Amino acid sequence: MANDDDPTVGRRTVLAGAGATLTAAVAGCAGQFSGRLNETATISETYDATDLEGLVAETTNGEVTVTGEDRDTVELEAVKQASSREALEATTVDVAREGGVLSITVDEADRRLTDPSPRVDLELSVPADLRVARVETVNGDVDVSGVFGPLVARSTNGDVTTTGINGDVTVELVNGDVEVDGIDGSVSVETVNGDIEVRSVTGDATVQTTNGDVSVTDVDGTVTT
């Protein structure tokens, strides 16, 4: 098994010079979201994934959803929310391609510019045979389905759901529930405060929670709790 934090895989070759199309729609509708995150912007990007090897997606405050589909592109929709136009413009979604890996990360505004912190939700539609190496947030849910692993999914405050992953799955969580279903590989799940439900795993399953219930069914390998 490869290092979970190493986003490189050997299934594909590096895509050089791939183009991207970018459209952005910005709206400043007050009261649309809770709290004082009154400024919003939606960013849409599409990337050719013909020779893409892997994907990494990270935000700090917000949800991350990755869905595998019958397609040959990666489609990204990012919804930014902030308390001011200045903070909204200072919060960026950075996309880089290196070594065949597409990395999508959120760079938050300087905390001196904003209270509360900006929020950026990431929604990605990707080829079903693409390796999604790592999906991570601090405050928000993570949902990954129908892709290749090995996958590492992390959150501090939020639920994590992984379904239909072809490869090993590692889930690291502090406060939140975990649901893992339909994994062709082994599973390692750890949370501190939350329930864990694991179903339909072809390999081993290691699950641990400090405060919560554990349910493990239909696991072909060894179960460790």
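Heads up: the structure comes first, above all this text.
J.: Run through the sheet that holds strand β3 (residues 54-58), naming residues and quoting values.
T.: Taken together, 9 strands build an open sheet; the order of strands is β6-β7-β3-β9-β11-β13-β15-β17-β19 and the sheet is mixed. The outermost strands of the open sheet, each flanked by one partner alone, are β6 (92-98) and β19 (223-224). Here β3 runs beside strand β9 (residues 131-136); their pairing, made up of 5 bridges, is parallel. In the sheet register, Ala57 faces β9, and the bridge partner there is Val135.

J.: Account for the nonpolar core, naming residues and giving values.
T.: If you look at the biggest cluster of nonpolar residues, it comprises 43 residues, and the most contacted ones within it are Val66, Val74, Leu122, Val126 and Val189. Ranked by the residues each element gives to this core, the list is headed by strand β8 (residues 119-127), at 4 residues. Ignoring sequence-local partners within four residues, the contact set of Val66 consists of Leu55, Leu124, Val126, Val132, Val135, Asp143, Val144 and Ser145.

J.: Tell me about the environment of Thr73, residues and numbers included.
T.: Tracing the backbone through its elements, the reader meets Thr73 in strand β5 (residues 73-82). For Thr73 and Leu52, which are 21 residues apart along the polypeptide, the C-alpha to C-alpha distance reads 9.3 Å. Setting aside anything within four residues of it in sequence, one finds Thr73 in contact with Thr46, Tyr47, Asp48, Ala49, Ser125, Val126 and Pro127.

J.: Now, about the pattern of salt bridges: what can you tell me, with residues and values included?
T.: Per the counting criterion, the structure on display carries 12 salt bridges. Residue Glu58 pairs with Arg134 through a salt bridge whose shortest N-O separation is 2.9 Å. With Glu58 in strand β3 and Arg134 in strand β9, this residue pair connects regions lying 76 residues apart in the sequence. Given the relative accessible area of 24%, Glu58 is considered partly exposed. Residue classification places Arg134 among the buried residues on the basis of a relative accessible area of 17%. Here Arg199 and Glu197 are joined by a salt bridge, their closest N and O atoms 2.6 Å apart. Connected through shared salt-bridge partners, Glu58, Arg134, Glu136, Arg154 and Glu172 make up one network.

So, how was this worked out
Numbers given for residues are sequential positions, taken from 1 along each chain in its written order. pLDDT decides what is reported in this predicted model: residues at 70 or higher carry local features, side-chain atom pairs at 80 or more are listed and counted, and totals for whole chains, interfaces and linings draw on all residues regardless. The side-chain quantities take in all heavy atoms of the structure and omit both hydrogens and water. At least two bridges found by DSSP between two strands is the condition for calling them paired. Strands are runs of DSSP state E lasting at least two residues, helices are runs of H or I lasting at least four, and both sets are numbered from the N terminus onward. In these notes, a set of buried Ala, Val, Leu, Ile, Met, Phe, Trp, Tyr and Cys residues joined through side-chain atoms within 4.5 Å is what counts as a nonpolar core. Three exposure classes are used, based on accessible area relative to the maximum for each residue type with a 1.4 Å probe and protein chains only: buried under 20%, partly exposed in between, and exposed over 50%. By the convention used here, residues are in contact when the closest approach between their heavy atoms is within 4.5 Å. When a carboxyl oxygen of Asp or Glu is within 4 Å of a side-chain nitrogen of Lys or Arg, the pair counts as a salt bridge.

Treat this as a map of the structure, not an account of what it does.
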